[in-house]
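The residues making up each chain are set out below.
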Amino acid sequence: MTGMAGRAAKAMRAGHQASAGELLELVRSGRATTRGALQQATGLSRATVGQRLDRLFRAGWLREGAGGPVDSPQGGRPSITLEFDDEHAVVLAADLDTRHGRAAVVSLSGEIQAEHHGSLRIEDGPDAVLGELGRWFAELLEKAGQRADAVCGIGIAVPGPVDTDTGKVVQPPIMPGWDGYDIRGRLGRAFAEHAGIESAGGAGSATGAGVTRSGARIPVLVDNDANLMAYGEQRTGYPDCSAFALVKVSTGIGAGMVVGGSIYRGVDGGAGDIGHIRVGADALCRCGSYGCLAAVASGGAVARRLAESGVPATSGSDVRDLLTAGHPEAMALAREAGRQVGDVLATVVTLLNPGVLMIAGDLAGTPFLTGVRELLYQRALPRSTAHLDVVTSRLGERAGLVGAGALVVEYLYAPERVEERLAALGV
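What you are looking at is a predicted structure, and each value in this text was computed from that prediction instead of being measured.

Could you clarify how one ought to interpret the sheet that holds strand 13 (residues 262–264) in this entry?
Whenever strands of a sheet pair, they do so through backbone hydrogen bonds, lying parallel or antiparallel. With mixed pairing, the five strands of this open sheet are ordered in space as 13-12-11-14-15. The two strands at the open ends of the sheet, each matched to only one other strand, are strand 13 and strand 15 (389–392). Across this sheet, the average inter-strand angle for adjacent strands is 25°, counted without regard to direction. Direction of pairing for strand 11 (residues 243–249) relative to strand 12 (residues 253–259): antiparallel, over a ladder of seven bridges. By the bridge assignment, valine 249 is partnered in strand 12 with isoleucine 253. Here helix 12 (residues 366–379) sits on the sheet in contact with strand 11, strand 14 (356–360) and strand 15, set at roughly 165° to strand 15.

Shown next, in the form of structure tokens:
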């Protein structure tokens, strides 16, 4: 048992009286979806369960579904099922790469209602990039037919290490000018400006970005792009996989890991930065060191080698286009890069013992995947790969958006935060 249901069950075992937030968690997880099942799972009386549920109904977060199984062994009328109402709000999600960005309006169940992608250059700096992103969000809401006060949160994926407590990137090798920048505050102000709502974000607010017409504060959550891609892919395609790893190979190289249903970030957000593992080469990396994996096997590194041989390529996305066209030199270099990454992943797999290893990003095609498999299975112990599936992305370029949306939903509807939000709503 992992994730939502696991947290609620732990509270029940400790003799704790379940809160409205914990009842909502049981419903959302599917572990208890009728009033009778909630009584059985929590030990609460029928009246207390009813009082807790009434608060959730008044907030608009629960709804009644079709009749479910009969609760009593003596028979009787079918019980009414309870469902999380995923239509009462929406999430804004964004995924930034080095040269382009993607943004969307996402439902609470993870469905993308409106989407836009276009040129956004990280090197132009956070003020310009986040200002433009705020404009995209306002336009997407209109396209989706949603009002600004329907937004319950914003999630953004960035290509660098993130301190999730502050929402700031920390010494990002490929994000010049972003180190320590207040992403939450700037994005919140940009969205508020373009959407016509009151701004209440800034450095003094933990996650607040603005206030809607209903008076609700809009939190902004920031995380690493590979983390959120892994989270989106694991939740939608591999929910039963207790150890899931995703490696994104684009202009740089990064990994995201979902362990026990939660993103594994390390002590300060630096977990998964495999692009800066030293591999013994003498190539200069953008981080300033020599011999990093990203300096020899990323999409940017492959693009440089192609350019040196006269093939026009400047980034991972250029390499992706060449691979799609079947360019022979690009395919050969991608396979070689895959072998170099596979050599490092043999250690990662031995350490983490994942059930799924997903390859994503600009280079995630057959040549690169072939190279990864060659070295991975050659170098890793058979015990580490006996139950390992090496796959490519299911969600493609939407993985980061889906993960960013899910991150916001899990943050907002965690039991302790549900209680805070219900109190703020006065229900």
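Would you explain the packing of helix 9 (residues 299–308) against helix 11 (residues 328–352) in this entry?
How two helices sit against one another is set out by the angle between their axes and by the gap between those axes. Interaxial distance between helix 9 and helix 11 falls to 10 Å at its minimum, and their mutual angle equals 140°. Overall, the two elements helix 9 and helix 11 adopt an arrangement that is oblique. Handedness of the helix 9/helix 11 crossing: right-handed. In this structure, helix 9 uses Val302, Arg305 and Leu306 to contact helix 11, whose residues at the interface are Glu329, Ala330, Leu333, Glu336 and Ala337. When its residues are assigned to classes, the contact of helix 9 with helix 11 shows five nonpolar, no polar and three charged.

What's the story with unusual backbone geometry in this structure? I'm lost.
A negative phi angle is the norm for most residues apart from glycine, just as the trans form is the norm for most peptide bonds. At glutamine 171, a residue that is not glycine, the phi angle is positive and equals roughly 45°. As for its position among the elements, glutamine 171 is in the loop between strand 8 (168–169) and helix 6 (183–195). For asparagine 353, which is not glycine, the phi dihedral falls at a positive 55°. Considering the arrangement of structural elements, one finds asparagine 353 in the loop between helix 11 and strand 14. A relative accessible area of 40% means that asparagine 353 is categorised as partly exposed.

Even after reading the chapter, I still don't get the pattern of salt bridges, so can you show me in this structure?
Any two side chains of opposite charge can pair, given that their charged atoms come close. For the structure shown, the criterion picks out 27 salt bridges. Where glutamate 139 meets arginine 135, a salt bridge forms, and the shortest distance between an N and an O atom there is 2.6 Å. Of the two residues, glutamate 139 and arginine 135 both sit in helix 5 (residues 126–144), four residues apart, roughly one turn of that helix. The partner of arginine 320 in a salt bridge is aspartate 321, with the nearest N and O atoms 3.8 Å apart. With a relative accessible area of 26%, arginine 320 lands in the partly exposed category. Look at the salt bridges and you will find they share partners, linking Arg102, Glu115, Arg320, Asp321, Asp362, Glu397 and Arg398 into a network.

Calculation rules
- In this convention, every chain numbers its residues from 1, walking through the sequence in written order.
- Local features in this predicted model are restricted to residues of pLDDT 70 or higher, and side-chain atom pairs are both shown and tallied only at a pLDDT of 80 or more, whereas totals for entire chains, interfaces and linings draw on every residue.
- Only heavy atoms go into the side-chain values, all of them from the structure, while hydrogens and water stay out.
- Any two strands with at least two DSSP-identified bridges between them are counted as paired.
- For the purposes of this entry, the term helix denotes a DSSP run of H or I that reaches at least four residues, the term strand denotes a run of E that reaches at least two, and both are numbered from the N terminus.
- Geometry is summarised by axes, namely lines fitted to C-alpha atoms with helices restricted to the contacting stretch, and by angles between N-to-C directions that run from 0 to 180 degrees.
- For this analysis, residues touch if any pair of their heavy atoms sits within 4.5 Å.
- The cut-offs work like this: below 35 degrees is roughly parallel, past 145 is roughly antiparallel, 65 to 115 is roughly perpendicular, and the gaps in between are oblique.
- For any pair of crossing helices, the crossing counts as left-handed if the nearer helix is rotated counterclockwise from the farther one by less than a right angle, and right-handed if it is rotated clockwise.
- Nonpolar residues are Ala, Val, Leu, Ile, Met, Phe, Trp, Tyr, Cys and Pro. Charged residues are Asp, Glu, Lys and Arg, and all others, Gly as well, are polar.
- Think of it in three bands: residues with accessible area under 20% of the maximum for their type are buried, residues over 50% are exposed, and the middle band is partly exposed, with areas taken using a 1.4 Å probe on protein chains only.
- Salt bridges are counted wherever a side-chain nitrogen of Lys or Arg sits within 4 Å of a carboxyl oxygen of Asp or Glu.

Keep in mind these values describe shape, not function.
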